[in-house]
There are 2 protein chains.
Amino acid sequence: MSTLKHIMKNFDPFLSYDSILNLFDKLDIKKPAIENIAVESSMMRISAIDVISGVNIPGFNRSAMDGYAINSADSLDASDTNPVKLSIEGVQGPGRKAITMEGKHKCIEIYTGAEMPAGCDAVIKVEDTERSGNDILLYSECHPYLNVSRIGEDIKSGYKITSSNHLITAGQIAAMVATNIKFISVYKKIQIGIINTGDEVINGTIKNSTGALLSSFYSNNYIEARIAGLCNDDISSIKNTVSSALDKFDIIIVTGGSSLGESDMATAALEQVGKPLFSGVAIKPGQTMALFYNQKPVISVSGLPVAALISSLVIINRYIKNLFSFELYSRAFAILDTNIHKKIGFTTFHLAHAYVGENGLHVRPLNTTASGNISGIIDGNCMIMINDDREGIEAGKQIMIYLIGEIKWD
Amino acid sequence: MSTLKHIMKNFDPFLSYDSILNLFDKLDIKKPAIENIAVESSMMRISAIDVISGVNIPGFNRSAMDGYAINSADSLDASDTNPVKLSIEGVQGPGRKAITMEGKHKCIEIYTGAEMPAGCDAVIKVEDTERSGNDILLYSECHPYLNVSRIGEDIKSGYKITSSNHLITAGQIAAMVATNIKFISVYKKIQIGIINTGDEVINGTIKNSTGALLSSFYSNNYIEARIAGLCNDDISSIKNTVSSALDKFDIIIVTGGSSLGESDMATAALEQVGKPLFSGVAIKPGQTMALFYNQKPVISVSGLPVAALISSLVIINRYIKNLFSFELYSRAFAILDTNIHKKIGFTTFHLAHAYVGENGLHVRPLNTTASGNISGIIDGNCMIMINDDREGIEAGKQIMIYLIGEIKWD
């Protein structure tokens, strides 16, 4: 254990939150590789291509009702006092080849989803007819295409079902299946490697709750986050673990050893891997040091859970936003319950609890004084961000919140 | 294909949405079995037990800063003009056994996260001291526990980390790991079996987009939804497939053959399996018939995608809400952009698009006339529900929306 550096009062000034995002935006970041997967398995994966329908849905004019397919011209002048009689010439079921109706004053019994028989252009609902033997009686005129879903009415050939760089939805999967698209190119899951450092984590004095928090929080349908290594407070061990993880992961988070007091192990190790993009960000909680090596971000964060989550989250969210067209977290608007005070100069993130109250969503900041606070992440389902040029937010205002958990709606 | 039943005008009146939910609430539904899994793998699984911390976090009084651990009594009367000199007697690092400081006017170099040495009750930040050889100079008094995280300050022994029947969060996982809890009892994933019926699905005239929609939409960390079978329009085939699926699945959705026009195949088949709870619900889109057999719900819905999704969703959401303490979908409040008109007597669900506009979230209903519309599910990220006793909602009102997709926030 080295002696405390009193020089730490003079470390490089932190960069502002905005300026590190701007730095990050200019980077040439490597996207994950692309793979082809079955459409049915593509839920919430990131599309790598635009998917265009090559067919019309419906593929043919289709009955939208159970009833009788007719030629609408035959219904002219039909009225309560002057019904038109049509003779039933056949049956058209769904999934069956369209039959042909020839001649005048005829009709075809038809079922929802069935192709319109040739010679028919409208469907009379069964409820709107009266049956008499093999005939039906019509009591009103009908216009062409009544109760008919026309070819391409739902999806036209050429319609863009899925845009590249978006999360694929269940509705898009349904549309791809409907249009006979079987495979889709998606980005491989983003691999996040978490390297936890610290003698106390290795010897078990402190459990690796930060590693569990990050791997659980980030893992979803399009991200695979897992522990890539545990390291003692030892520069060469951290350096070697990071170097080897760079082969396997798209993003690396190194937790612990990032504050100057922890002997700066992670920072010193990363400086041996490459040139840091920045070494401190004016955000609270959490000091961050980010390195960009071989087109991949390496983020060194605090070993304390909340600080590690927030400082990695702002970078990883930006990574996703820059590479793709969405964000990692969802948001909501909520009414702030109590004033929040802060100092100018730092962008602050406040764990908070959003709930359904009078006039909509409310949000109550949690008293999380220490950035190591775990109970705060249990109770908090959202974060409030306040820009560095502000002194706080007044109670009663509607603000945007960043969701990191579920809101209880009922 | 049987002849259209003109008697269909006289079918049983539909039950109201509220009354079928009330019927459903009285059922004795079987919960999935319980399994023990590693805490690290429990993200968004449903907890089957309350998890109580057996330890304090921190487990000891802990330094929250890098600096010097002192006995606060030694700082009495320290001031700018009368500094107190303390001699450095040792070093206390995180993960190391607490050392003991004996005697007066001494101090211990200490690092963030380290256990407080015996004989010390406060930590002076390194920035607030001046070093002179092996001594430090203190210029102000400090109170006991300054910069010390006290034992149990974050999580006390006895604190409930996770409640049963809730979705497990990343913060709870971090807390369980921190408190040395390695395994947790969770409900096995809810198994939803989807049985798609229809000659046109079997012969490929119509692709099974409804099956793909339902299996993609429902599958998540705690639900496994998959196709359990495809059936021709044949009563005994449907009956046998449902009977055999009842062994393997917690919930069964039968799509197609549920409207009277489709010859009522699914309804007829299910009536041979057990007594239906109800055979029609006054919701639009979608007619539903539900059977409750062997403590498991069997839901017969339309073969058309939107109707199948909405009518199964209202039942499955209620299933989850009744068995556990949360809901399947998230919600939000949004300002309605255009009037919605509807008829009294039906509870209606409108696919809509929620977006960030002036003064917060807005929602625009989509023009989805036919319940078979797939493009509507592509564009829609939410649903609007309107009760059966209302004629619609006026534009400009803030309403609750049910999220079935992502909102684009930026």
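One can find the structure itself at the top, above this paragraph.
The structure presented is a predicted model; accordingly, all values stated were derived computationally and were not measured. Per chain, the residues get numbers from 1 upward, laid out in the order the sequence is written. All chains are assigned letters beginning at A, and all ligands numbers beginning at 1, according to the order in which they are written. This being a predicted model, a pLDDT of at least 70 is required before a residue's local features are given, and a value of 80 or more before pairs of side-chain atoms are given or counted; all residues contribute to the totals for chains, interfaces and linings. With hydrogens and water set aside, each side-chain value is computed from the structure's full complement of heavy atoms.

A. Seen up close, the sheet that holds strand β16 (residues 276-278) of chain B. Residue and element names in this part refer to chain B. A pair of strands is treated as paired once DSSP finds two or more bridges between them. Helix and strand assignments come from DSSP, with helices taken as H or I runs of at least 4 residues and strands as E runs of at least 2, each series counted from the N terminus. Strand order in the open sheet formed by six strands is β14-β13-β15-β19-β18-β16, with mixed pairing between adjacent strands. Each edge of the sheet is formed by a strand with only one pairing partner; in this case those strands are β14 (223-231) and β16. Here the strands of the sheet are splayed against their neighbours by 25 degrees on average, with no regard to which way each runs. Where strand β18 (residues 289-293) lies against strand β19 (residues 296-301), five bridges are found, and the strand directions are antiparallel. Within the sheet, the bridge partner assigned to tyrosine 293 lies in β19 and is lysine 296. The sheet contacts of helix α7 (residues 305-323) involve β13 (190-197), β14, β15 (251-255), β16 and β19, and relative to β19 the element is tilted by about 165 degrees. The convention used is that axes are lines fitted to C-alpha atoms, helices contributing only their stretch in contact, and that angles between N-to-C directions extend from 0 to 180 degrees. Only heavy atoms matter for contacts: two residues are in contact if any of them lie within 4.5 Å across the pair.

B. Up close: the pairing of strand β18 (residues 289-293) of chain A. All names here are of chain A. Relative to β18, strand β16 (residues 276-278) runs antiparallel, the two sharing two bridges. Pairing of proline 276 across the sheet is with leucine 291, part of β18. Where β18 folds back onto strand β19 (residues 296-301) in an antiparallel hairpin, the turn is made up of two residues, including asparagine 294, whose phi is positive at roughly 55 degrees.

C. Summary view of the pattern of salt bridges. All names here are of chain A. Each salt bridge in this description consists of a side-chain nitrogen of Lys or Arg and a carboxyl oxygen of Asp or Glu lying within 4 Å of one another. Counted under the stated rule, the structure contains 16 salt bridges over all chains. Between lysine 160 and aspartate 50 there is a salt bridge; the shortest N-O distance is 3.5 Å. Linking lysine 160 in strand β11 (residues 160-162) with aspartate 50 in the loop between β1 (34-38) and β2 (51-52), this pair joins segments that are 110 residues apart in sequence. For lysine 160, a relative accessible area of 41% corresponds to the partly exposed category. The closest approach of N and O atoms between glutamate 327 and arginine 331, which form a salt bridge, is 2.6 Å. For arginine 331, a relative accessible area of 9% puts it in the buried group. Linked through salt bridges whose partners overlap, the residues forming this network are Lys321, Glu327 and Arg331. Under the scheme applied here, a residue whose accessible area is under 20% of the maximum for its type counts as buried, over 50% as exposed, and between as partly exposed, the area being computed with a 1.4 Å probe on protein chains only.

D. Representation of the pairing of strand β6 (residues 106-110) of chain B. All names here are of chain B. Burial analysis of β6 places four of its five residues in the buried class, the great majority of the element. In this structure, strand β4 (residues 67-70) lies alongside β6, joined through three bridges in antiparallel fashion. Bridging from a neighbouring strand, alanine 69 pairs with isoleucine 108 of β6. Looking at chain direction, strand β5 (residues 84-92) and β6 are connected through five bridges and run parallel. Paired with serine 87 across the strands is lysine 106, a residue of β6.

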